[in-house]
Amino acid sequence: AGVYVLPAPYEHTSSYIQGSDRGPAAIIEASQQVELYDETLGCEPYREWGGVATSAPLALGGRVDRQAVEAIEAFVRPHTESGRFVLTLTGEHTGALGAIRAHAKRYPDLCVLQVDAHGDLRQAYQNNPFSHASVMARVVEEGLPLVQVGIRSISPEEIDLINRTKRIATFFASKILDPSGPYQGRAANWVPDVVKACTGPVYLTFDCDGLDASLVPALGTPEPGGLGWYDTLALVSALADGPGIIGMDVSEIAPIEGFVAPQFAVARLIYRILGRIRAARKKVMRDG
């Protein structure tokens, strides 16, 4: 298979709604109902990839914080060396750090692009440097460039870090999505600037609360005013066609019992993203 899906259902520091550790399984279950034909691409993306394989979930055995991050890195890294596209499904956003580290060892020039409602740049939250509210601070600490999209909940400490650190480019939701803002809320206007901010091939870390909560309300920390469906696809398509997307994780779905629409929307979105990445790669091969 050309795509490997690695479930790493980690949750330890969620500060509002619990249950993100059930997110990976819910997304995988919902994915069984997603139509395999993508009418926008005119193909079945899974066939174009040569198949999509899903591994058994990582058993964390009670490991948390640094140990959990290291376990997820060890889980992901062998697959990054295989040439496959690796998609990690985790619970809280902290789990993404292990996947990002694994990809950074394989692609040292990668740029992390974070879709998120929150900055996640606190040095520590509730005295824990491995909190979900601190995961991007750890990414920046390791010298990786960071582009943030859709941010609309942030602290003065995080604003100060953004202002002091040249490696961080932040596109606030109020600037890119508000019709009265500088981009008039049109993806055609702001997406090229996001792509331009990417300094290398993109690792996409996708916190589902980056989407508007009306689209995906089953979240650990929901925020109104996020990215819409077509804006998200426009962004992903431009990244795939431009610097390229070399890996991805999805986090922070906290399933609501009896309500499947959120995880189905995320499963469909993931499949659409995989289709656009594959189409962009085929175009590069075709054009030489």
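Residues numbered from 1 in each chain as written. Predicted model: local features only at pLDDT ≥ 70, side-chain atom pairs only at ≥ 80, totals over all residues. Heavy atoms only, no water.

Caption draft 1: Molecular detail of the overall build of the chain. Scanning the chain for helices and strands turns up 10 helices and 8 strands. For a compact globule of 288 residues, the expected C-alpha radius of gyration is about 19 Å, and the chain comes in at 17 Å, within 12% of that figure. For the chain, the C-alpha atoms occupy an extent of roughly 50 × 45 × 40 Å along the three principal directions. Here the chain, with 288 residues, has 57% of them falling under the buried criterion. Put simply, 75% of the contacts in the chain that link residues at least 6 apart link residues at least 24 apart. Accessible area of the chain: about 11,900 Å², with a carbon and sulfur share of 52%. Taken as two groups, the 26 positive and 33 negative side-chain charges of the chain have centres that lie 7 Å from each other. (Helix = DSSP H or I, 4+ residues; strand = E, 2+ residues; numbered from the N terminus. Rg over C-alpha atoms; globule rule 2.2 N^0.38 Å. Buried < 20%, exposed > 50% of the residue type's maximum accessible area, 1.4 Å probe, protein only. Contact = heavy atoms within 4.5 Å. Areas by Shrake-Rupley, 256 points an atom, 1.4 Å probe, with all protein chains shown as cover. Lys, Arg positive; Asp, Glu negative; His and termini not counted. Charge placed at Lys NZ, Arg CZ, Asp CG, Glu CD.)

Caption draft 2: Here's a closer look at the pairing of strand S4 (residues 111-115). Burial analysis of S4 places 5 of its 5 residues in the buried class, which makes it a mostly covered element. On S4, burial covers both faces: Cys-111, Leu-113 and Val-115 on one face and Val-112 and Gln-114 on the other are all buried. Where S4 lies against strand S5 (residues 146-151), 4 bridges are found, and the strand directions are parallel. By the bridge assignment, Gln-114 is partnered in S5 with Gln-148. Taking the sense of rotation as the criterion, the β-α-β connection linking S4, helix H5 (residues 135-141) and S5 turns out right-handed. (Pairing = 2+ DSSP bridges. Right-handed = clockwise from strand over helix to strand, strands pointing away.)

Caption draft 3: Summary view of the environment of Gly-119. With respect to the element layout, Gly-119 can be found in the loop between S4 and H5. Here Gly-119 falls in the buried class, since its relative accessible area comes to 0%. Sequence-distant contacts of Gly-119, that is, excluding residues within four places in its chain, are made with Gln-114, Met-136, Gln-148, Ile-151, Ser-153, Ile-154 and Glu-158.

Caption draft 4: Fine view of the pattern of salt bridges. Evaluated as defined, the whole model comprises 12 salt bridges. Close ionic contact of Arg-122 with Glu-158 constitutes a salt bridge, the shortest N to O distance being 3.6 Å. With Arg-122 in the loop between S4 and H5 and Glu-158 in helix H6 (residues 156-164), this residue pair connects regions lying 36 residues apart in the sequence. On the basis of relative accessibility, which here comes to 25%, the residue Arg-122 falls in the partly exposed class. (Salt bridge = Lys/Arg side-chain N within 4 Å of Asp/Glu carboxyl O.)

Caption draft 5: Fine view of the sheet that holds strand S8 (residues 245-251). Judged by pairing direction, the sheet is parallel, and its 8 strands sit side by side in the order S2-S1-S3-S8-S7-S4-S5-S6 without closing on themselves. Each having just a single partner strand, strand S2 (52-54) and strand S6 (168-172) make up the two edges of the open sheet. Mean inter-strand twist for the sheet, computed between neighbouring axes without regard to direction, equals 15°. Note that strand S7 (residues 202-207) and S8 share 6 bridges and pair parallel. Residue pairing in the sheet places Val-202 in a bridge with Ile-245 of S8. (Axes fitted to C-alpha atoms, helices over the stretch in contact; angles between N-to-C directions.)

Caption draft 6: Broad picture of the packing of aromatic side chains. Considering all chains together, one arrives at 1 aromatic pair under this definition. Arg-84 extends its terminal NZ or CZ atom over the ring of Tyr-4, reaching a point 4.2 Å from the ring centre. Its guanidinium or amino end placed over the ring of Tyr-107, Arg-106 lies 4.9 Å from that ring's centre, counting from NZ or CZ. (Phe/Tyr/Trp six-rings, centres within 6.5 Å; stacked < 30°, edge-to-face > 60°. Lys NZ or Arg CZ within 6 Å of the ring centre and 35° of its normal.)

Caption draft 7: Structural view of unusual backbone geometry. Phi at Gln-126 takes a positive value of approximately 55°, unusual for a residue other than glycine. With a phi angle near 65°, Asn-127 is a residue other than glycine that sits in the positive phi range. Note on Asn-127: relative accessible area 76%, which makes it exposed.

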